[in-house]
Amino acid sequence: MEVEKYIASGILELYVAGALTPEENVEVHRYAEQYPEVKMEIEAIEATIMKLSRTASPELPKDGFKKIEAELDDVITFVPPTSKKKAPWGSYLGWAASLLLAAGLLWVYTENNNLKSEIEVSTQEKLDLEETLSNIKKEAARQETFLDMLRDQNVTVIALGGQAVSPESYAKAYWDKAENKVVIDAKGLPEPPTGFTYQVWSLKLDPLTPTSIGLLDDFVSTEDKLFTLDNANESEAFGITLEPEGGSESPTLEQLYTLGAVGR
């Protein structure tokens, strides 16, 4: 436990004022036995309250009654038959001061907790904003890289046309041979069904030899539908099939959505 933060929280003032629950009182008592600093702080608070009570409850001067008696011609003592001893006003003032102090401490404790909550909210909002800005910067850098590829005369562009299972589908592959990278623009593919994902294949045509170069994961959440994959193969064509989540070792030709040959 961080003793200094615990002492600064205001709970010890509420403990002395009797404003805590029985469970909280037990906890404070346990900490007071365990940590001398907590015990010393409680004793200091009690001393402050006692001092305040004495200040708010001045005693009657010792010769006060004699001074009053000297000013009276006759002193008649009257004691009602059912009279009860009343506490002096000073005691009431002392208790009132203690209650006011307890109420003040409770208000300080509540305001302290409210302020902590506001600080926590502000901190979280700041973290959320920083994360948003970081994501924007990453996305801007990714799109800048893609634009650089488009402008590079050494990048090969391959159009992938729709196949029998989905004639209206289309995609493009931007192959940077020097960097062994392929950017797939999958804007023309439909959203895959639940439990399935698109898988991209590098193809050798004679004989037909497919090699997986990656999955188009997070297809739904990727707004621009641009995916960068590694490709160190001597590709002659690229194809995209619909496969179960996690991908397949070989393409499901019945689910071939797009296909395109390099140089055509």
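Provided above is the structure to which this section pertains.
In this text, all values refer to a predicted model and were calculated from it rather than measured experimentally. (Residues numbered from 1 in each chain as written. Predicted model: local features only at pLDDT ≥ 70, side-chain atom pairs only at ≥ 80, totals over all residues. Heavy atoms only, no water.)

### A word on the sheet that holds strand E1 (residues 155–162)
Within the open sheet, the eight strands sit side by side as E5-E4-E7-E8-E1-E2-E3-E6. Their pairing is antiparallel. Both outer strands of the open sheet, strand E5 (208–215) and strand E6 (226–230), are each paired with one neighbouring strand and no more. Neighbour-to-neighbour, the strand axes of this sheet turn through a mean angle of 25°, independent of strand direction. Bridge count for strand E4 (residues 196–205) against E5 is seven bridges, and the pairing is antiparallel. Within E5, the residue paired with Trp-201 across the bridge is Ser-212. (Pairing = 2+ DSSP bridges. Helix = DSSP H or I, 4+ residues; strand = E, 2+ residues; numbered from the N terminus. Axes fitted to C-alpha atoms, helices over the stretch in contact; angles between N-to-C directions.)

### Observations concerning the pattern of salt bridges
One pass over the full model with this rule turns up three salt bridges. Glu-2 serves as the salt-bridge partner of Lys-5, at 3.3 Å between the closest nitrogen and oxygen. For the pair shown, Lys-5 and Glu-2 are each scored as exposed. With a shortest N-O distance of 2.6 Å, Asp-230 and Lys-181 are connected by a salt bridge. Highlighted residues: Asp-230 in strand E6 and Lys-181 in strand E3 (residues 181–185), separated in sequence by 49 residues. (Salt bridge = Lys/Arg side-chain N within 4 Å of Asp/Glu carboxyl O. Buried < 20%, exposed > 50% of the residue type's maximum accessible area, 1.4 Å probe, protein only.)

### Here we look at unusual backbone geometry
Peptide bonds are trans in most cases, and residues, glycine excluded, mostly fall at negative phi. Pro-207 follows Asp-206 through a cis peptide bond whose omega is -5°. Among the structural elements, Pro-207 can be located in the loop between E4 and E5. Although it is not a glycine, Asp-218 sits at a positive phi angle of roughly 55°. Relative to the helices and strands, Asp-218 is located in the loop between E5 and E6. Since its relative accessible area comes to 56%, Asp-218 is described here as exposed.

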